[in-house]
Amino acid sequence: MTTPPRILYCNCTYAQVVPKEVKEAVLKKLCESGVAFDAVADLCEMSARLDPALKRLADGGAVKIAACYPRAVKWLFHAAKAPLPIEAAEILNMRVQSADEVANALFSAELQPNLPTGKATKPSAVELPKSEVAA
Amino acid sequence: MPLKEQTTLRVVLYEGDGAQPLEAGDRFTTMTTLLEKGFAVTRVSDKGRVAPADRTSLLVLGRFNDGRAPLGEDASGLVNLRFQDITDFDSNRIAEAVETLRAETNAAKHGDWKPWFPVIDYDRCTNCMQCLSFCLFGVYGVDEQQRIQVQNNDNCKTNCPACSRVCPEAAIMFPKYKAGPINGDVVSDADLQREKMKIDISALLGGDVYAMLRERSEKAKSRFSKERDADKALQERQKCLVKLASAGDIPPEVLMSLPSPEEIARRAEEAKAKAQTVLAAQQRGASTA
Ligand code: SF4
Ligand code: SF4
């Protein structure tokens, strides 16, 4: 049996970019449910501080994260040297999704990984294997 | 205190054996109060998993039976583990207890700085060094592999997304920005086209601002010398900056706080030289490979 994904909630405390009613409703639903979850005040602030706690949040296997855009969340963790597991992380975007959509996805046993993957531009010289640079 | 390498105190809301569960409403209020103060809170229950333990200090809150918090410690001695009974505590009192332990354990203090800083999307970045040569505040640097990196994120000017506009690949995000793709939204072809047509903010910050200001203030001086009204001169300067700011979406406070034109020129040269050194090293690496 596979273990169900963990839940991580970001409160986006230091900005008003996530609608207050959405983040409150999502947190309320989490608190009303019986599920265990991790909540952080502001992933951006933790990333800026290279908070070692991000490593624990990224390392515990499959995870669903209620925060904002998947591209932003992916690189915030990366910037703090705590990359998320690409195949095992699903980001719910409270900036654009409704509280119901976010909560339903959080509580569903199914994981739908949605971090962007792969190079979108030409690899730079530092990213290419030396043999290809020379070619 | 430098921003880096500080960990957040982990607060655990314990409602299992030996403790009474909180009402859902109390749980929500407690969570919200602690999150608004910057803490990380883990709610443990027998349904579902949470992030594993690490060496972070742990404060376990609970309505423990008989109002007595257990006296426990981490057998390995690596984790600073504390328990706090919160029977009859309201959320403010809980927050006070948590803050006291935060101060004792030297965990990160929150709220002194608005987390506004660039985040690089390396799926898009081509390591062209435009951001490094543009930023006057030393936010960017390179790692050992000569790869661009955000190194001094607390030098970044709050609410200023200017460097994201010089990036030709829309690879620089400010997650707390209002609009896409700078906020992390998917980058569309239209976004890239728009980026190509952007105004040359670099030139704007590098000199034109001051040229315009000087010109304006000369004119203003002759007028204001008659009026003897220094406040008006200031207003004029502000008006001019606000106009420029709206062209590049740069907050007027950022423009107002820019150093002298000479200092700007010096920093711009320095940043450009740094970028050129990196690009030359990259090329050398490519040709010797
Ligand atoms: S990750 Fe997104 S939701 Fe979380 S603090 Fe940053 S901007 Fe806000
Ligand atoms: S300007 Fe953009 S593409 Fe160029 S190095 Fe900076 S982040 Fe990368």
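Here, residues in each chain are numbered from 1, in the same order as that chain's written sequence. Just so you know, chain letters begin at A and ligand numbers begin at 1, following the order they were written in. Local features are withheld for residues below a pLDDT of 70 in this predicted model, meaning they are given only at 70 or higher, and side-chain atom pairs are given and counted only at 80 or more; totals for whole chains, interfaces and linings count all residues. Neither water nor hydrogens contribute to the side-chain values; these are computed over all heavy atoms in the structure.

Engineer: Whenever I open this one, the site of ligand 1 confuses me. Can you help?
Structural biologist: Contacts to ligand 1 come from Cys10(A), Cys12(A), Val18(A), Asp42(A), Leu43(A), Cys44(A), Ala67(A), Cys68(A), Leu76(A), Pro175(B) and Lys176(B). By convention in this text, a residue qualifies as near a molecule or strand provided that one of its non-hydrogen atoms is within 4 Å of it. More than a single chain frames ligand 1: its nearby residues are located in chains A and B. Ten residues, namely Ala, Val, Leu, Ile, Met, Phe, Trp, Tyr, Cys and Pro, are considered nonpolar, four, namely Asp, Glu, Lys and Arg, are considered charged, and the remaining ones, Gly among them, are considered polar. A breakdown of the residues in the shell around ligand 1 according to their chemical character gives nine nonpolar, no polar and two charged.

Engineer: Help me out: how do you make sense of the site of ligand 2 in this one?
Structural biologist: As a matter of local geometry, ligand 2 sits amid Cys125(B), Thr126(B), Asn127(B), Cys128(B), Met129(B), Gln130(B), Cys131(B), Ile148(B), Cys167(B), Pro168(B) and Ile172(B). Of the residues in the shell around ligand 2, the class split is eight nonpolar, three polar and no charged.

Engineer: Please clarify how the packing of aromatic side chains should be interpreted in this entry.
Structural biologist: The relative placement of two aromatic rings is captured by the distance of their centres and the angle of their planes. Residues and elements named next belong to chain B. A pair of aromatic rings is counted whenever rings of Phe, Tyr or Trp (Trp by its six-membered ring) have centres within 6.5 Å, and the orientation is called stacked for planes under 30 degrees apart, edge-to-face for over 60 and tilted otherwise. Applying the stated criterion across every chain, the model contains six aromatic pairs over all chains. Residues Trp116 and Phe174 carry aromatic rings whose centres are separated by 4.8 Å and whose planes lie at 20 degrees to one another, so their mutual orientation is stacked. A residue pair is termed long-range when its members are at least 10 positions apart, and Trp116 in the loop between helix 2 (91-105) and strand 6 (119-120) and Phe174 in the loop between strand 9 (172-173) and helix 5 (189-196) qualify at 58 residues. Cluster of aromatic residues (ring-pair linked, three or more members): Tyr14, Phe64 and Phe83. The rule is short: NZ of Lys or CZ of Arg within 6 Å of the ring centre and within 35 degrees of the ring normal puts a charge over the ring. Positioned over the ring face of Phe89 is Arg93, at 3.9 Å from the centre of the ring. Over the aromatic face of Phe137 sits the side chain of Lys157, whose NZ or CZ is 4.5 Å from the ring centroid. We count a stretch as a helix when DSSP gives it H or I for four or more residues in a row; a strand needs E for two or more, and each element gets its number in order from the N terminus.

Engineer: How do you make sense of the nonpolar core when you look at a structure like this?
Structural biologist: For soluble globular proteins, nonpolar side chains are generally found buried alongside one another. Grouped together as the largest cluster of nonpolar side chains are 65 residues, with contacts concentrated most on Leu43(A), Ile65(A), Phe77(A), Leu84(A), Tyr140(B) and Ile148(B). Among the elements that take part in this core, helix 4 (residues 70-79) of chain A stands out by supplying five residues, more than any other. The contact criterion used throughout is that any non-hydrogen atoms of two residues lie within 4.5 Å. The contact partners of Leu43(A), leaving out residues within four places of it in the chain, are Leu8(A), Cys10(A), Leu54(A), Ile65(A), Ala67(A) and Phe77(A). The next biggest cluster of nonpolar side chains, apart from the first, holds 41 residues, and it includes Tyr9(A), Val26(A), Cys31(A) and Val98(B). Take the buried Ala, Val, Leu, Ile, Met, Phe, Trp, Tyr and Cys residues and link them wherever side-chain atoms come within 4.5 Å; each set so joined is a nonpolar core. The rule is simple: take the accessible area with a 1.4 Å probe, protein chains only, and divide by the maximum for that residue type; under 20% is buried, over 50% is exposed, in between is partly exposed.

Engineer: Is there a simple way to explain unusual backbone geometry in this structure?
Structural biologist: Residues and elements named next belong to chain B. Omega for the peptide link from Gly180 to Pro181 comes to -5 degrees, which places this bond in the cis form. With respect to the helices, strands and loops of the structure, Pro181 is situated in the loop between strand 9 and helix 5. Of note in the backbone geometry, Asp66 takes a positive phi value of approximately 65 degrees without being a glycine. Secondary-structure assignment places Asp66 in the loop between strand 4 (58-64) and strand 5 (81-85). On the basis of relative accessibility, which here comes to 72%, the residue Asp66 falls in the exposed class. Backbone geometry at Asn106 places phi at a positive 60 degrees, although glycine is not the residue there. Mapped onto the elements, Asn106 comes out in the loop between helix 2 and strand 6. A relative accessible area of 64% places Asn106 in the exposed class.

Engineer: I would appreciate a short explanation of the interface of chain B and chain A in the present structure.
Structural biologist: One widely used convention gives an interface's size as the accessible area the parts lose upon coming together. Between chain B and chain A, the residue contacts involve 67 residues of the former and 65 residues of the latter. Across the interface of chain B and chain A, roughly 5,400 Å² is buried in total on both sides, 56% from carbon and sulfur atoms. Any Lys or Arg side-chain nitrogen located within 4 Å of an Asp or Glu carboxyl oxygen qualifies as a salt bridge. The interface formed by chain B and chain A holds five salt bridges in total. Arg10(B) serves as the salt-bridge partner of Asp38(A), at 3.2 Å between the closest nitrogen and oxygen. Pairs of N or O atoms within 3.5 Å make up the polar contacts considered here, provided that, within protein, one atom can donate a hydrogen while the other can accept it, and that residues adjacent in sequence are counted only when both atoms are side-chain atoms. For the interface between chain B and chain A, the tally reads 38 residue pairs in polar contact (both at pLDDT 80 or more). Only helix 1 (24-36), strand 3 (40-44), strand 6 and helix 9 (261-288) of chain B provide two or more residues apiece to the side of chain B that touches chain A. A class-by-class count of the residues in the side of chain B that touches chain A yields 28 nonpolar, 19 polar and 20 charged. Here three bridges tie strand 2 (residues 37-40) of chain A to strand 3 of chain B, and the two strands are oriented antiparallel to one another. The residue bridging Phe37(A) from the neighbouring strand is Arg43(B), located in strand 3 of chain B. Each of two parts loses accessible area, computed with a 1.4 Å probe, when they are put together; buried area is these two losses added. Paired strands are those between which DSSP finds at least two bridges.

Engineer: Would you explain the pattern of salt bridges in this entry?
Structural biologist: Pairs can form between side chains of opposite charge once their charged atoms are near each other. Residues and elements named next belong to chain A. The final tally for this structure, using the stated rule, is 17 salt bridges over all chains. Here Asp100 and Lys29 are joined by a salt bridge, their closest N and O atoms 2.9 Å apart. With a gap of 71 residues between them, Asp100 in helix 5 (residues 99-107) and Lys29 in helix 1 (residues 20-32) connect regions that are remote in the sequence. We classify Asp100 as partly exposed; its relative accessible area is 45%. With a relative accessible area of 28%, Lys29 lands in the partly exposed category. A salt bridge links Glu90 to Lys64, with the nearest nitrogen and oxygen atoms 3.8 Å apart. Highlighted residues: Glu90 in strand 4 (residues 89-93) and Lys64 in strand 3 (residues 63-67), separated in sequence by 26 residues. As far as burial versus exposure is concerned, Glu90 and Lys64 are alike and both buried. A single salt-bridge network, built from bridges that share partners, covers Glu45, Arg49 and Asp51.

Engineer: Sorry if this is basic, but what is going on with helix 4 of chain A here?
Structural biologist: Because each turn of an α-helix spans 3.6 residues, side chains separated by three or four positions end up pointing in the same direction. Residue and element names in this part refer to chain A. For helix 4, the tally of buried residues reaches eight of 10 residues, placing the bulk of the element in the interior. Of the residues making up helix 4, those classed as buried are Pro70, Arg71, Ala72, Val73, Lys74, Trp75, Leu76 and Phe77. Phi turns positive, to about 55 degrees, at Lys81, one or two residues after helix 4.

Engineer: Even after reading the chapter, I still don't get the environment of Arg71(A), so can you show me in this structure?
Structural biologist: Topologically, Arg71(A) is positioned in helix 4. Taking the relative accessible area as the measure of exposure, Arg71(A) reaches 8% and is therefore buried. Taking the C-alpha atoms as reference points, Arg71(A) and Met46(A), separated by 25 residues in sequence, lie 17 Å from one another. Every residue in contact with Arg71(A), bar those within four places of it in the chain, is listed here: Pro116(A), Asp121(B), Arg124(B), Ala170(B), Met173(B), Pro181(B), Gly184(B), Asp185(B) and Val187(B). Polar contacts involving the side chain of Arg71(A) include one to the main-chain carbonyl oxygen of Gly184(B), which spans 3.3 Å.

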